[in-house]
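# Tertiary structure, described
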Amino acid sequence: MFDTLTASLQKVFKNLRGYGKLTERNIQEALREVRLALLEADVNYQVARDFIARIQAQCVGADVLDSITPGQQVIKHVHDELVALLGGTSKDFDLNGQPAKVLLLGLNGAGKTTTAAKLARAWRQQGRRVLLAACDLKRPAAVDQLRILAGQVGVDFIGPERGEELQAFSRRAAAHAAQGGCNVALFDSAGRLQVEEDLVRELKELKVALAPHNSVLVLDAAIGQESVNVAETFHRAIGLTGLILTKLDGDARGGAALSVQQVTRCPILRVGVGERLGDLEPFHPDRMASRILGMGDVVSLVEKAQAAVDEATLVRAEEQLRKKRLSLEDFLEQLQQMKKLGPLGNLLEMLPGAGRLPAGAREQALAGSEQEMKRAEAIIRSMTVKERRHPEVLDASRKRRIARGSGTDVPAVNALLANFNRTRKMMQQFGRTQKRLLRLGK
Ligand code: GDP
Ligand code: MG
């Protein structure tokens, strides 16, 4: 999501590192380029200007100019300011109430309903009892959407009755949560296409009736600069306790993430990184800063891998990798593990250096889309055990048989084999890193 910004910053830093000693002029020039890179990434103008001014103040000091590694010092200041810009430390919801009341608000299509289900799922996994309440009185379809999602994630649900008033319903829902022994009551409110007066009035009413512990704005990161205005308006009118940025998996330039926190002073509590119900992540300012600077977010990657991948499988795979005997059977197993981790693009972005991959290479790496993974699976399943263990026996006639059996063609089989060889190489590196990290995680 921060690809362009990361690339520009890395160019600036590379130049800086080239100097043995820095003059004030070198620093000015570098910071000017950092500022341009921020603006290009859609960071709010004022935010970018203040950001640079703060770094400038730090960089003219002796610790940079007289340092033996001046370039590194500048980068460190940029990193620290970036962490501060993103909110410093990571913050979470206030879930102390019994039940803790969480009101989600935002414009139509921002991702409120999806995010409500994602949060409910995560909290349920932590062993909390969750109630999802649909506060959209005008659109029965919106109520149904939440009801279905509640069923999918296995949490309680309550919707308005015909003709019920918003305040009456919200009080009834809160009482229902308390009686039902719920730890969290999550209220999904109705949106509008824009911030309109009647929406603000409705949300104010809802807030008075509910007195929620958390009033959280769900914001679509893809709307860029506009998100800053939306966040400011909601914050002023309703009073927010936090923000959730959605669709950070898309082609958003990411500047919104850097600006909204600073402008509203409300912490970013979660980020949405995909349409699936598991695609919601905590927001860690320090990790995000490292990611933006192209240092890779190894810690997040490890946590994700640990949650999804069964350790024994990893260790076994790792052993095989070490012996350099990765077979197509292992490949199949790896494919299935990767499916559990979610879209490959998310993973790739977290790897150090992935931001530096040329566009083509990145696309190629991402070509392992789910569809292709399914095809690969079909092809491998059409092979005999011997063929899976010793792919070198695959001659033209065997390939034709496999292509027929898997409903593909010979070029597809060849492509899979090429991909397998490439993956074998990649996995060797990946396996080494993971093993090291698993050891660290213990
Ligand atoms: P609401 O009108 O605010 O309730 O928005 P919805 O929850 O109905 O979401 C609108 C659309 O955005 C749906 O198609 C969601 O699948 C999609 N969406 C929500 N969050 C994310 C996200 O983090 N990433 C992506 N790619 N899509 C998302
Ligand atoms: Mg909705």
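Residues numbered from 1 in each chain as written. Chains lettered and ligands numbered in written order. Predicted model: local features only at pLDDT ≥ 70, side-chain atom pairs only at ≥ 80, totals over all residues. Heavy atoms only, no water.

Take the overall build of the protein chain next. Tallying secondary structure elements over the protein chain gives 21 helices and eight strands in all. For the protein chain, the residues scored as buried account for 51% of the 442 residues in total. Sequence-distant contacts, at least 24 apart, represent 74% of the contacts inside the protein chain between residues at least 6 apart. Carbon and sulfur atoms make up 50% of the accessible area of the protein chain, which amounts to about 21,300 Å² in all. (Helix = DSSP H or I, 4+ residues; strand = E, 2+ residues; numbered from the N terminus. Buried < 20%, exposed > 50% of the residue type's maximum accessible area, 1.4 Å probe, protein only. Contact = heavy atoms within 4.5 Å. Areas by Shrake-Rupley, 256 points an atom, 1.4 Å probe, with all protein chains shown as cover.)

Looking now at helix H6 (residues 112-125). Over its 14 residues, H6 runs 20 Å from end to end, which matches the ideal 20 Å to within 8%, given 1.5 Å per residue. The complete set of buried residues in H6 reads Lys112, Thr113, Thr115, Ala116, Ala117, Lys118, Leu119, Ala120 and Trp123. Positive phi appears at Gly127, one or two residues downstream of H6, with a value of about 90°. (Expected span 1.5 Å × (residues − 1).)

Okay, the nonpolar core next. In this structure, Leu5, Leu38, Phe51, Phe187, Phe234, Leu258 and Ile292 are the most contacted members of the largest nonpolar core, which totals 72 residues. Split by domain, the residues of this core number at least three in each of domain 1 (3-85) and domain 2 (100-295). Phe187 has contacts with Lys101, Val102, Leu103, Leu104, Ala133, Cys135, Ser170, Ala173, Ala174 and Leu210, leaving out every residue within four places of it along the chain. In this structure, Phe93, Val130, Val143 and Val218 belong to the second largest nonpolar core, which totals 28 residues. (Core = buried A, V, L, I, M, F, W, Y, C linked by side-chain atoms within 4.5 Å. Domains from an automatic or database assignment.)

Attention now goes to the site of ligand 1. The environment of ligand 1 is made up of 17 residues, and the closest members are Gly109, Lys112, Thr113, Thr114 and Asp249. Backbone polar atom of Lys112 to an oxygen atom of ligand 1: 2.7 Å apart, as the coordinates give it. Between ligand 1 and the protein, one listed contact pairs an oxygen atom with a side-chain N or O atom of Gln145 at 3.2 Å. Compared with its free state, where it exposes 580 Å², ligand 1 has 79% of that area covered by protein. No other element matches H6, which puts four residues into the shell around ligand 1. Residues that form the shell around ligand 1 fall into these classes: three nonpolar, nine polar and five charged. (Near = heavy atom within 4 Å. Polar contact = N/O pair within 3.5 Å; in protein donor to acceptor, adjacent residues only side chain to side chain. Nonpolar A, V, L, I, M, F, W, Y, C, P; charged D, E, K, R; others polar.)

Among the six residues of strand E1 (residues 100-105), six are classified as buried, and the element is accordingly described as predominantly covered. Here E1 shows a buried face lined by Ala100, Val102 and Leu104 and a second buried face lined by Lys101, Leu103 and Leu105. As paired strands, E1 and strand E4 (residues 184-189) are joined by five bridges and run parallel to one another. Looking across to E4, one finds that Lys101 is bridged to Ala185. Of the strand pairs in this sheet, E1 and strand E5 (residues 214-220) are connected by four bridges, and their pairing is parallel. Counterpart to Leu104 in the pairing with E5 is Val216. (Pairing = 2+ DSSP bridges.)

This part is about the pattern of salt bridges. Under the counting rule described, the total for this entry stands at 13 salt bridges. The shortest N-O distance in the salt bridge between Arg381 and Glu377 comes to 3.4 Å. Separated by four residues within a single helix, Arg381 and Glu377 lie in helix H18 (residues 370-381), roughly one turn from each other. Classification of Arg381 as partly exposed rests on a relative accessible area of 47%. For Glu377, a relative accessible area of 14% puts it in the buried group. Counted as one network, the salt bridges with shared partners bring together Glu161, Glu164 and Arg172. (Salt bridge = Lys/Arg side-chain N within 4 Å of Asp/Glu carboxyl O.)

Evaluation of the coordinates by the stated rule reveals two cavities of 30 Å³ or more. Along the walls of the second largest cavity sit Leu5, Leu9, Val34, Leu38, Phe51, Val78, Leu82, Ile292 and Leu293, which together make up its complete lining. The set of elements that each furnish at least two residues to the lining of the second largest cavity consists of helix H1 (3-18), helix H2 (24-40) and helix H5 (70-85). Here the residues of the lining of the second largest cavity sort into nine nonpolar, no polar and no charged. (1 Å grid on protein atoms, 1.4 Å probe; cavity = no way out; pocket = protein on both sides within 12 Å on 5 of 7 lines; lining within 4 Å. Points joined across faces, edges and corners; volume = space filled by probe spheres on them.)

This part is about the packing of aromatic side chains. A complete count under the given rule lists one aromatic pair for this structure. For the pair Phe93 and Trp123, a centre-to-centre distance of 5.0 Å together with 85° between the ring planes defines the contact as edge-to-face. Taken together, the residues Phe93 in the loop between H5 and E1 and Trp123 in helix H6 connect sequence positions 30 residues apart. Trp123 carries the same exposure label as Phe93, and that label is buried. (Phe/Tyr/Trp six-rings, centres within 6.5 Å; stacked < 30°, edge-to-face > 60°.)

Attention shifts here to the sheet that holds strand E3 (residues 156-158). Within the open sheet, the eight strands sit side by side as E3-E2-E4-E1-E5-E6-E7-E8. Their pairing is mixed. Each edge of the open sheet carries a strand with a single partner, namely E3 and strand E8 (280-282). In this sheet, adjacent strand axes meet at a mean angle of 25° when their direction is disregarded. Its contacts with the sheet put helix H8 (residues 166-179) on E1, strand E2 (130-135), E3 and E4, and the angle it makes with E2 is roughly 170°. (Axes fitted to C-alpha atoms, helices over the stretch in contact; angles between N-to-C directions.)

Moving on, we get to the environment of Gln28. Inspection of the secondary structure puts Gln28 in helix H2. Looking at Gln28, the relative accessible area reads 37%, which means it is partly exposed. A C-alpha to C-alpha distance of 7.6 Å links Gln28 and Gln56, two positions 28 residues apart in sequence. Within polar-contact distance, the side chain of Gln28 engages the side chain of Gln56 at 2.3 Å.

Below, the discussion takes up H1. Between its terminal C-alpha atoms H1 stretches 23 Å, which fits the 22 Å expected from 16 residues at 1.5 Å a residue. Here H1 has its buried residues at Leu5, Thr6, Leu9, Gln10, Val12, Phe13 and Leu16. Across the axial projection of H1, the buried residues extend over an arc of 165°, all falling on one side. Seen from the open side of H1, the exposed residues pointing more than 90 degrees away from its buried face are Thr4, Lys11, Lys14 and Gly18. (Arc of directions from axis to C-beta.)

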